[in-house]
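Working through the structure, step by step
Take a look at the letters that make up each chain.
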Amino acid sequence: MTVVTRFAPSPTGMLHVGGVRTALFSWLYARRMGGKFILRVEDTDRERSTDEAVRVILDGMAWLGLTADEGPYYQTQRFDRYGAVIGQMLAAGQAYHCYCTKEELEAVRAEQTARKEKPRYPGTCRHGRAPRPGVQPVVRFRNPAQGSVVVEDLVHGSVTFQNAELDDLIIARSDGTPTYNFCVVVDDWDMGVTHVIRGDDHLNNTPRQMNMLLALGAALPTYAHVPMILGPDGAKLSKRHGAVSVLQYEEEGYLPDALLNYLVRLGWAHGDQEVFTREEMIAAFDIKDVNRAASAFNPEKLLWLNQQHMMRATPATLVPHLRAQLRRIGLDCDDQALLEGIILAQRERAKTMKEMALNSRFFFAEHVEIDPKAAAKHLGGGGRETLQRVRERLAGLGGWSTEAIHGALEALAAELGAGLGKVAQPVRVAVTGAAVSPPIDVTLALLGRERTLARLDAAMAAGSGA
Ligand code: GLU
Ligand code: ZN
């Protein structure tokens, strides 16, 4: 049997880390089992669905590299099919028209509540009722009245529901539009979904969906209801905890692999391994090993993992990310070698690609703004004389490499009877504008001779009051 999983988001809110984790589990399981992963947009709630939310789903999944083998399907494009199945169920007596009015149902509900009973449809039209003029009927599914439904959930274990607790669900509204639970059933059936992996807020829908699948003669999928992600304070994950559009993580300079790595480890473990490549995740993942307890979102750990991934990636794979971040701050660079060099020089000092881009602005700026504090500390006293000497050495240097620059600066320091720092700091401040940067030889090598000399000149000129 080929495993078929799906991710079925409703575009009523922005795709955030909670949804991404569900998508990841479905995707991973399909990849692990050599199966198929489907993307299905559940946009039947036309009022609350937005194009923007659909775009975030599509762009977010693409950014994360959670590629679908099929889809995206849109439920709003499948209304004919839902209508056909409803007709078929009506003809087979598996569904029936309900002519109860809103007022009638409200009266029943009030009585039930007064008796402290759980409000439920009393089955008034279940055994046939004549059409009533002026009432557009809804269609209800004829749920079995007796027995129970057992969900053998891969995460929650066996969960039993009594049919007597499940009333006859509306599958089509009076305007004919199908309802959410029904569309899911038809889709999972038509798309041959074998494993339904979704948030455990849907566990209560499952027995109803199973009853409908059984009525249709469909094979039941296996279910895995994964726990929710909570905020660091244990409350429901909200915007203030980072439940923002997944694309915001791209903007903030997170790597997709790091975000996926972080999310897979929430409620799932493989020994004590923390850092996983995509391939390692696929090889080690099993949905059965997912914890049933909710886990809390920890932005600090995500940040840590992001840097781990930045440190382990080949510079070439990080180049597109750095370019994109530079472009965000108005810097366009397509010099592959330079970008790779900057990545190697900067990644220890940045936790995100955005931070790396911000720290690297000086490489591209026409003119560096020198931090006054750094200038006061390192360009006063003998600082400018040092710059003059350095300038002479560097101007006459045979080759422009890290080694050659290092050698020249070290020789100069030795002649001056000073430590390398005494020579390096004024140079650093002059060329980067700040007192912190990657090693000075690496920095100058990347910057190039021309820019280095021009910046030394500018710093000296600024100091002479010119
Ligand atoms: N559309 C549902 C949601 O976004 C998921 C339904 C399902 O996975 O069955 O919560
Ligand atoms: Zn009725």
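In short, a report on the structure.

The protein atoms that coordinate the zinc ion (ligand 2) are Cys98 (SG), Cys100 (SG), Tyr121 (OH) and Cys125 (SG), at distances spanning 2.1 to 2.3 Å. If you look at the zinc ion (ligand 2), its four donor atoms make angles of 97 to 120 degrees with each other, and the shape they trace is tetrahedral.

This part takes up the packing of helix H1 (residues 17-32) against helix H8 (residues 256-265). Running from N to C, H1 and H8 point in directions that differ by 85 degrees, and their axes come no closer than 9 Å. By the angle between their axes, H1 is roughly perpendicular relative to H8. Taking contact as the criterion, the partners of Val17, Val20, Arg21, Leu24, Phe25 and Leu28 in H1 are, on H8, Leu259, Leu260, Leu263 and Val264.

To continue, consider the site of ligand 1. Looking at ligand 1, the residues that line it are Arg6, Ala8, Pro9, Ser10, Glu42, Tyr180, Val184, Arg198 and His202. In the model, a nitrogen atom of ligand 1 is placed 2.7 Å from a nitrogen or oxygen of the Ala8 main chain. One nitrogen or oxygen atom from the side chain of His202 is found 2.8 Å from an oxygen atom belonging to ligand 1. Computed on the free molecule, ligand 1 has an accessible area of 300 Å², of which 81% lies beneath the protein chains in the complex. Structurally, ligand 1 is housed in the largest pocket. Tallied by class, residues from the shell around ligand 1 come to four nonpolar, two polar and three charged.

One open sheet accounts for three strands, arranged E4-E5-E8; its pairing is antiparallel. The open sheet is flanked by strand E4 (95-98) and strand E8 (170-172), the only strands paired with a single partner. Between one strand axis and the next, the sheet turns by 45 degrees as a mean value, whatever way the strands run. Here four bridges tie E4 to strand E5 (residues 138-141), and the two strands are oriented antiparallel to one another. Bridge pairing in E5 links Cys98 to Val138.

Our focus in this paragraph is the packing of aromatic side chains. Within this structure, the stated rule accounts for seven aromatic pairs. Relative to Phe285, the ring of Phe25 has its centre 5.3 Å away and its plane inclined at 20 degrees; by these criteria the two rings are stacked. Residue Phe25 is found in helix H1, and its partner Phe285 is found in the loop between helix H9 (278-284) and strand E12 (295-296); the two are separated by 260 residues along the sequence. Given a relative accessible area of 0%, Phe285 falls into the buried group. When the centroid spacing of 6.0 Å and the interplanar angle of 55 degrees are considered together, the rings of Phe79 and Tyr82 count as tilted. Taken together, the residues Phe79 and Tyr82, both in helix H3 (residues 79-91) and three residues apart, mark about one turn of the helix. Taking the relative accessible area as the measure of exposure, Tyr82 reaches 0% and is therefore buried. Counting every residue linked through ring pairs, the aromatic cluster contains Phe25, Trp268, Phe276 and Phe285. Its end group placed over the ring of Tyr121, Arg140 keeps NZ or CZ at 3.5 Å from the ring centre.

A separate point is the layout of surface pockets. Its volume calculated, the largest pocket comes out at about 950 Å³. Contributing to the lining of the largest pocket are 36 residues, with His16, Gly18, Gly19, Asp201 and His202 lying nearest its centre. Elements represented by at least two residues in the lining of the largest pocket include exactly strand E1 (4-7), H1, helix H5 (180-190), strand E9 (195-199) and strand E11 (229-230). Looking at the lining of the largest pocket residue by residue, the classes come out as 17 nonpolar, 11 polar and eight charged.

In this structure, strand E2 (residues 36-41) lies alongside strand E3 (residues 70-74), joined through three bridges in parallel fashion. Each residue of the ladder has a partner; that of Val41, found in E3, is Tyr74. With helix H2 (residues 51-64) bridging E2 and the parallel E3, this β-α-β connection has right-handed handedness.

Attention now moves to the side chain of Asn306. Tracing the backbone through its elements, the reader meets Asn306 in helix H10 (residues 299-312). Residue contacts for Asn306: discarding those within four places in its chain leaves Gly253, Tyr254, Leu255, Ala258, Lys351, Thr352 and Met353.

The next thing to look at is the packing of H8 against H10. Taken N-terminus to C-terminus, the directions of H8 and H10 make an angle of 130 degrees; their axes are 8 Å apart at the nearest point. Accordingly, the angle class assigned to the pair H8 and H10 is oblique. Along this stretch, H8 crosses H10, giving a crossing that reads as right-handed. Contact with H8, carried on its side by Asp257, Ala258, Leu259, Asn261, Tyr262 and Arg265, involves Lys301, Leu302, Leu305, Asn306 and His309 of H10 and no other residues of that element. Residue composition of the contact of H8 with H10, by class: five nonpolar, three polar and three charged.

Rules and cut-offs
Residues numbered from 1 in each chain as written. Chains lettered and ligands numbered in written order. Predicted model: local features only at pLDDT ≥ 70, side-chain atom pairs only at ≥ 80, totals over all residues. Heavy atoms only, no water. Donors = N, O, S within 2.8 Å, 3.2 Å for Na, K, Ca; no water. Tetrahedral: all angles 85-135°; square planar, octahedral: opposite > 155°, others 65-115°. Axes fitted to C-alpha atoms, helices over the stretch in contact; angles between N-to-C directions. Helix = DSSP H or I, 4+ residues; strand = E, 2+ residues; numbered from the N terminus. Parallel < 35°, antiparallel > 145°, perpendicular 65-115°, else oblique. Contact = heavy atoms within 4.5 Å. Near = heavy atom within 4 Å. Polar contact = N/O pair within 3.5 Å; in protein donor to acceptor, adjacent residues only side chain to side chain. Areas by Shrake-Rupley, 256 points an atom, 1.4 Å probe, with all protein chains shown as cover. 1 Å grid on protein atoms, 1.4 Å probe; cavity = no way out; pocket = protein on both sides within 12 Å on 5 of 7 lines; lining within 4 Å. Sits in = over half its atoms within 2 Å of the grid points. Nonpolar A, V, L, I, M, F, W, Y, C, P; charged D, E, K, R; others polar. Pairing = 2+ DSSP bridges. Phe/Tyr/Trp six-rings, centres within 6.5 Å; stacked < 30°, edge-to-face > 60°. Buried < 20%, exposed > 50% of the residue type's maximum accessible area, 1.4 Å probe, protein only. Lys NZ or Arg CZ within 6 Å of the ring centre and 35° of its normal. Points joined across faces, edges and corners; volume = space filled by probe spheres on them. Right-handed = clockwise from strand over helix to strand, strands pointing away. Left-handed = near helix turned anticlockwise from the far one by under 90°.

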